[in-house]
Amino acid sequence: MKAAVIGLGSMGSGIAKSLLRAGVETVGYDTDGNARQALVTSGGTAINELDALPADCDIALVVVVNAEQVEQVLMGPRGAAAHLPAGAVVAVCSTVSPAFARTMAARVEDLGLHYLDAPISGGSARAAEGSLTVMASGSPAAFERAQTALDGIASTVHRLGEAAGDGSAYKMINQLLAGVHIVAAAEAMSFGIKNGLDPHALYEVITGSAGNSWMFENRGQHILDGDYTPLSAIDIFVKDLGIVLDTSSQLRFPLPLAAAASQLFTMAASKGWGALDDAAVAKVYEALSDIDLPNGPAR
């Protein structure tokens, strides 16, 4: 198999390395020259333009930030879709709306390609380990052609039907929960500090109690450490909860908790914290409530 990874950021670079480790010949594209060089150092091949994709590429995994970037790298003036061989798979791993996935799938398939709606979950560490969760929908032919690549990057591949958009809908629900849980964790930790509680003792109590969540346990540690190195950034949840709320508006379905979480992330981004780890949403509470978060500078 020969695979292309389009987008060599924190997730894409890990995916490329996992493919190489699985014995898949891998070529990568990114606008960042340092990211391209890192792939070469790891044993892959880098290209400077997408129209330089190998003519025998079996699958292109698109791991860019948003729908606009997916549109550009696939259908732009030098986009990848026009340079892939007939029957190749386009696997879009980016978080996009279900409506966008359906539209893009139709355009890709009109070019004689297979489309796999394949958003991912697990973060950069699991991308590098090859242990991601993939929430995928697409034709049996797309799954068959993509199987070797999927085995290389994921420990769990959910096959969620043949219709493009279904995979993205599952990812959308995951992001709704993740965003709400992160804000709830930040709110709880900040409220505890406001009540004069030792945040380390609070973390120990809650992680052993019924109020715990995976996000409290994970992001709570980020808050305790005062470490907002972006493993998943504030701006990602501004985008992803925007997808959630846009879709809910189209369906006339109320999502008051998601809307509140979206506003907290937007407030954090408006303060200039969009590139920080999503746990930095706690800084909004710090700024509003006259508290000091652990191990970090005062407001």
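In short, a report on the structure. (Residues numbered from 1 in each chain as written. Predicted model: local features only at pLDDT ≥ 70, side-chain atom pairs only at ≥ 80, totals over all residues. Heavy atoms only, no water.)

Scanning the chain from terminus to terminus reveals twelve helices and nine strands. For the chain, the C-alpha radius of gyration of 20 Å lies close to 19 Å, the compact-globule estimate for 299 residues. Taking all 299 residues of the chain together, the buried fraction comes to 50%. The long-range fraction of contacts in the chain, counting pairs at least 24 apart against all pairs at least 6 apart in sequence, stands at 63%. About 13200 Å² of surface is accessible on the chain, with carbon and sulfur atoms providing 54% of the total. Here the chain contributes 18 positively and 31 negatively charged side chains, and the mean placements of these two sets differ by 2 Å. (Helix = DSSP H or I, 4+ residues; strand = E, 2+ residues; numbered from the N terminus. Rg over C-alpha atoms; globule rule 2.2 N^0.38 Å. Buried < 20%, exposed > 50% of the residue type's maximum accessible area, 1.4 Å probe, protein only. Contact = heavy atoms within 4.5 Å. Areas by Shrake-Rupley, 256 points an atom, 1.4 Å probe, with all protein chains shown as cover. Lys, Arg positive; Asp, Glu negative; His and termini not counted. Charge placed at Lys NZ, Arg CZ, Asp CG, Glu CD.)

Right, let's talk about the environment of aspartate 277 for a bit. Counting through the fold element by element, aspartate 277 comes out in the loop between α11 (256-273) and α12 (282-289). By relative accessible area, aspartate 277 is classed as buried at 0%. Taking the C-alpha atoms as reference, aspartate 277 lies 20 Å from proline 119; in sequence the two are 158 residues apart. Filtering out sequence-adjacent residues up to four positions away, aspartate 277 remains in contact with Arg219, His222, Tyr228, Thr229, Pro230, Leu231, Ser232, Ala233 and Ile234.

Most of strand β8 (residues 132-138) sits inside the fold, with seven of its seven residues counted as buried. Along β8, one buried face is formed by Leu132, Val134, Ala136 and Gly138 and the opposite face, lined by Thr133, Met135 and Ser137, is buried too. Pairing analysis gives two bridges linking strand β6 (residues 114-117) to β8, with the strands arranged antiparallel. Bridge pairing in β8 links aspartate 117 to serine 137. Two elements, strand β7 (residues 120-121) and β8, share two bridges in a ladder whose sense is antiparallel. Each bridged residue has a counterpart across the sheet, and for serine 121 the counterpart in β8 is threonine 133. Here β8 pairs with strand β9 (residues 154-159) via five bridges, running parallel. Note that in β9 the partner of threonine 133 across the bridge is threonine 156. Handedness of the β8-helix α6 (residues 140-153)-β9 crossover: right-handed. (Pairing = 2+ DSSP bridges. Right-handed = clockwise from strand over helix to strand, strands pointing away.)

Turning our eyes to something else, we now look at the side chain of aspartate 58. Following the sequence through the fold, aspartate 58 ends up in the loop between β3 (45-47) and β4 (59-62). Each residue touching aspartate 58, except ones within four places of it in the same chain, is listed here: Met1, Lys2, Ala88, Val89 and Arg145.

Unlike most non-glycine residues, arginine 252 shows phi in positive territory, near 55°. You can see arginine 252 is positioned in the loop between α10 (234-251) and α11.

Okay, the nonpolar core next. One finds Val183, Met189, Ile223, Phe265, Val281 and Leu293 to be the most contacted residues of the largest nonpolar core, which totals 36 residues. Where this core is concerned, the elements lending two or more residues are α7 (166-194), α8 (199-207), α9 (214-225), α10, α11 and α12. Per element, the largest residue contribution to this core is ten residues, and it comes from α7. If near-sequence neighbours (up to four positions away) are discounted, isoleucine 223 is found in contact with Ala186, Met189, Tyr228, Ala279, Ala282, Leu293 and Pro294. (Core = buried A, V, L, I, M, F, W, Y, C linked by side-chain atoms within 4.5 Å.)

Our next topic: the side chain of serine 168. In this structure, serine 168 sits in helix α7. Polar side-chain contacts of serine 168 include one of 2.7 Å to the side chain of aspartate 117. Leaving out residues up to four positions away in the same chain, serine 168 has contacts with Val96, Ser97, Pro98, Ala101, Asp117 and Pro119. (Polar contact = N/O pair within 3.5 Å; in protein donor to acceptor, adjacent residues only side chain to side chain.)

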